[in-house]
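# Observations on the model geometry
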Amino acid sequence: PLLPFLGNLIHDRAEKVRLAAVRMLNRVKQIPGIRYYHVVPVDQLLVRFIEEDTIHSNPCNAVARELTALMLNSYFPQGQDTTASHQLKRTLTFLVTDPCAASVFYANLSDHLEVESVVKFILVLFTYFKSAVNKDQANQVRQSQKHKKRGRQGTNKQSEGENTDDEADDIFDKFSADNTALMLSLADTINILWESIAELLKKHDNKACKKNLEDQFTGKDLGVVSILSHFEQKGMESLAEGNRQRARECFGTCSSFLACAARLEKKSVKEAASFVSISLKSVSKEESETTVPLLLSFLHFMCFAGFVEEVATSLAASIESSLGDYDVSLLSPAFENSLGLRRSRRSSSGTASHAPIPSLPPAVAWATFESILQGVNSDSRGIRRLILSSHSSSLSLEKALQKGINYADRILGSSDDSFGRNFPIAEVESVIRAFEAYGRFALHKESMLSLRNEGEVSVNRQVSMLLKWTTEKIVPALLGSFKGASMLHDLDLSHISSVSESLIHEPPGSPSLASPPKQRANVGRTPEAMRGASKLFDTAQNEPPIVFLKKFASTLLSTSCMISSELLAMGVSTHEDIALASVEWCEIFRHSENSLHGPLFSI
């Protein structure tokens, strides 16, 4: 038969061919006696959903829309004989068996339904969700009563058995909010469906639909804030028990409902912001990086609610605390003036006293800020965009990161015997992270400016000063360490985090470093990867201080090389600055050992 061979074209490399193959299946579906899933198996169609999302970095694309139309009756049955309970069963089954494909399917569902139908479906899912949470809370109360009243344990068991028998056919008994993986998928689906019709709900014709959604989500019985409180508590308890996967699922559920809360009326947004502000005070005390997804969703919502400067101030204060209490304002006033930091110093001190957002533990703060720079999810990308759009917020973070550069300047200028005593290893690690974050923050800032200037990218002040500081501070310090360590053993860079790992860019928006210097497709797109903790000093305690200094300078130089390479990949128009600086940096190859050539040449 010819059709099965044509069905294989659904995995063709060309998008036009894949699109034609799916449209062919939609035609086959209309022919009596032929089943489209005999031409292409269902599991292959579900794989195609996920692959299209990966290729386009967007679930809403032409092939995915056609696939949704093809499988609409299977996963969203319609008709006079179809009940809401039947649709719910199909949805829950889909979410359990293949949540990734289901996410793409529901993102495209609004293209095939009326707005009113999508709103009704959202409310069906939300009603089930609330019922599952209510049952979970009731179970928690019963469990608490069992511990307090041991004598009534038998009676409670009998009551539970009677309820189960009475509701045996009820779909709500088959799943529970204790199934946090399912609750996460269900919350994501509700958010995805709402997002797909968000613009349509702004039209006057859909005013009643929008009001109906807002009334249900802000209900007094169990609204968004109550759901957030329930899953935040559940996640923190799971974290205390050491169940990180369960905690991540609970925090992800909070993130989805916070995104829904951001679409409510202003009064409801303020109520949610008040809850988030209180929750941040407790979550910020946790030192586990597992809380980062929850923190990102909280911070993104606070930015949306109008607290962008407070979010930036909190992150800046947290970063500065990781760099110790040293007075490290050692660079010239001209350097600080070029960054516009004098105004930031006054404004940040004024807002910090009444900021509703507390500081974070150093490790959590760095993980959060690096996630924002990487753009690991929609929350982090939203925070990054809003902070970069605020001049005072950008300056606040630049000031905090500049403290790391000033600290690095103090380290590079230290005497050989004072290095190990005066600079704690944890703070030196934070200095390296601040140095890289400073460069990447400048890249993102330049990327946003390029979008406003019709794609023209230039080297901004921060990057220019970074290049100058590398030339005048890092390279001389490294050359000096070569002379001081000439009688020492060869430097082993295996303890420094692999430079090649730092060049593995995660989507979205990472240009290839093999790209030509000027490609318009790269304009406005900056690399996302961060090295994180470098583990620079996993060495013997009695290793000579000059070796530590040498490793420190080498790591900073490799970071400068990466930032410069990624700026070129963006398509800078004034790449002469980088070329001139690189010539100066090449001086180290005339003096350095072979152990340094590999890591630097790999850039």
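Residues numbered from 1 in each chain as written. Predicted model: local features only at pLDDT ≥ 70, side-chain atom pairs only at ≥ 80, totals over all residues. Heavy atoms only, no water.

Take the overall build of the chain next. Counting its regular elements, the chain contains 29 helices and zero strands. Residues classed as buried in the chain amount to 51% of the 603 residues present. Pairs at least 24 apart in sequence give 79% of the contacts found in the chain among residues at least 6 apart. When the accessible area of the chain is evaluated, it comes to approximately 28,000 Å², of which 51% is carbon and sulfur surface. (Helix = DSSP H or I, 4+ residues; strand = E, 2+ residues; numbered from the N terminus. Buried < 20%, exposed > 50% of the residue type's maximum accessible area, 1.4 Å probe, protein only. Contact = heavy atoms within 4.5 Å. Areas by Shrake-Rupley, 256 points an atom, 1.4 Å probe, with all protein chains shown as cover.)

What follows deals with the environment of W366. Structurally, the position occupied by W366 is in helix α20 (residues 362-374). Residues W366 and I319, spaced 47 residues apart in sequence, show a C-alpha to C-alpha distance of 6.9 Å.

With that settled, consider the environment of L182. The residue L182 is located in helix α11 (residues 180-196) in this model. Linking L182 and P99, residues 83 residues apart in sequence, is a C-alpha distance of 8.8 Å.

Under the definition given, this model contains 16 aromatic pairs. Their ring planes at 10 degrees and their centres at 4.0 Å tell us that F126 and F217 sit as a pair that is stacked. Within this pair, whereas F126 is found in helix α9 (residues 115-148), its partner F217 is found in helix α12 (residues 207-217), the two being separated by 91 residues in sequence. In this structure, F126 and F217 share a single accessibility class: buried. (Phe/Tyr/Trp six-rings, centres within 6.5 Å; stacked < 30°, edge-to-face > 60°.)

Confidence in the prediction for the chain averages 78 pLDDT; 72% of positions are at 70 or higher. The low-confidence segment residues 328-336 (pLDDT under 50) makes 20 contacts with residues lying over four places distant or belonging to another chain. Per-residue pLDDT stays below 50 along residues 338-355; that stretch engages in 29 contacts with residues further than four places along the chain or on separate chains. (pLDDT = per-residue confidence, 0-100.)

Pairs can form between side chains of opposite charge whenever their charged atoms are close. One pass over the full model with this rule turns up 15 salt bridges. Between K202 and E199 there is a salt bridge; the shortest N-O distance is 3.3 Å. Residues K202 and E199 agree in their burial class; the two are exposed. Two residues, K211 and D215, come together in a salt bridge whose shortest N-O distance is 3.0 Å. (Salt bridge = Lys/Arg side-chain N within 4 Å of Asp/Glu carboxyl O.)

For the rest of this paragraph, the subject is the nonpolar core. Among the nonpolar cores identified, the biggest contains 152 residues, and F105, F217, F257 and F369 are the most heavily contacted of them. When residues of this core are assigned to their parent elements, the largest contribution, 12 residues, is made by α9. For F257, the contacting residues outside a window of four places in its chain are F126, F129, A187, I190, F217, V224, I227 and L228. (Core = buried A, V, L, I, M, F, W, Y, C linked by side-chain atoms within 4.5 Å.)

The next thing to look at is the side chain of S279. One can find S279 in helix α15 (residues 266-283). Polar contacts involving the side chain of S279 include one to the side chain of E232, which spans 2.9 Å. The contact partners of S279, leaving out residues within four places of it in the chain, are E232 and F298. (Polar contact = N/O pair within 3.5 Å; in protein donor to acceptor, adjacent residues only side chain to side chain.)

With that settled, the discussion passes to the packing of helix α16 (residues 292-304) against helix α21 (residues 378-389). The description of two helices packed together rests on the angle between their axes and the distance between the axes. At a minimum axis distance of 9 Å, the contact between α16 and α21 shows a crossing angle of 40 degrees. Comparing their axes, α21 and α16 come out oblique. Two packed elements cross with a definite hand, and for α16 against α21 that hand is left-handed. Contact residues: α16 offers L296, S297, L299, H300, C303 and F304, while α21 offers S378, D379, S380, G382, I383 and L386. Split by residue class, the contact of α16 with α21 holds six nonpolar, five polar and one charged. (Axes fitted to C-alpha atoms, helices over the stretch in contact; angles between N-to-C directions. Parallel < 35°, antiparallel > 145°, perpendicular 65-115°, else oblique. Left-handed = near helix turned anticlockwise from the far one by under 90°. Nonpolar A, V, L, I, M, F, W, Y, C, P; charged D, E, K, R; others polar.)

Okay, α21 next. Here α21 spans 16 Å end to end across 12 residues, near enough to the 16 Å set by a 1.5 Å rise per residue. Listed in full, the buried residues belonging to α21 are D379, S380, G382, I383, R384, L386, I387 and L388. A side-chain oxygen of the first residue of α21 lies 3.2 Å from the backbone nitrogen of D379; this N-cap is N377. (Expected span 1.5 Å × (residues − 1).)

Before going further, it helps to examine unusual backbone geometry. Located in the positive-phi region is S57, a residue other than glycine, with phi close to 55 degrees. Along the chain, S57 turns up in the loop between α4 (42-56) and α5 (62-70).

Here the focus is the packing of α11 against helix α14 (residues 244-261). Relative orientation of the contacting elements α11 and α14 amounts to 20 degrees, with a least axis distance of 8 Å. Our classification of the angle between α11 and α14 gives roughly parallel. Crossing hand, α11 versus α14: left-handed. Residue-level inspection shows T180, A181, M183, L184, A187, D188, I190, N191 and W194 of α11 in contact with α14, the latter providing R246, E249, C250, G252, T253, S256, F257, A259 and C260. Looking at side-chain class alone, the contact of α11 with α14 contains 10 nonpolar, five polar and three charged residues.

This part takes up helix α13 (residues 224-240). Three or four residues apart is the spacing at which side chains of an α-helix point the same way, because the helix has 3.6 residues per turn. With 17 residues, α13 should reach 24 Å at 1.5 Å per residue; the first-to-last C-alpha distance of 24 Å fits that figure. Those residues of α13 that sit buried are V224, I227, L228, H230, F231, E232, K234, G235, M236, S238 and L239. Backbone geometry just after α13 places G242 at a positive phi near 90 degrees.

A word on the environment of S430. Along the chain, S430 turns up in helix α24 (residues 425-452). Residues S430 and G404 lie 26 residues apart in sequence; the distance between their C-alpha atoms is 7.4 Å. Leaving out residues up to four positions away in the same chain, S430 has contacts with S322, L323 and W366.

As for its position among the elements, S390 is in the loop between α21 and α22 (391-412). Not counting residues up to four positions away in its chain, the partners in contact with S390 are V308 and E309.

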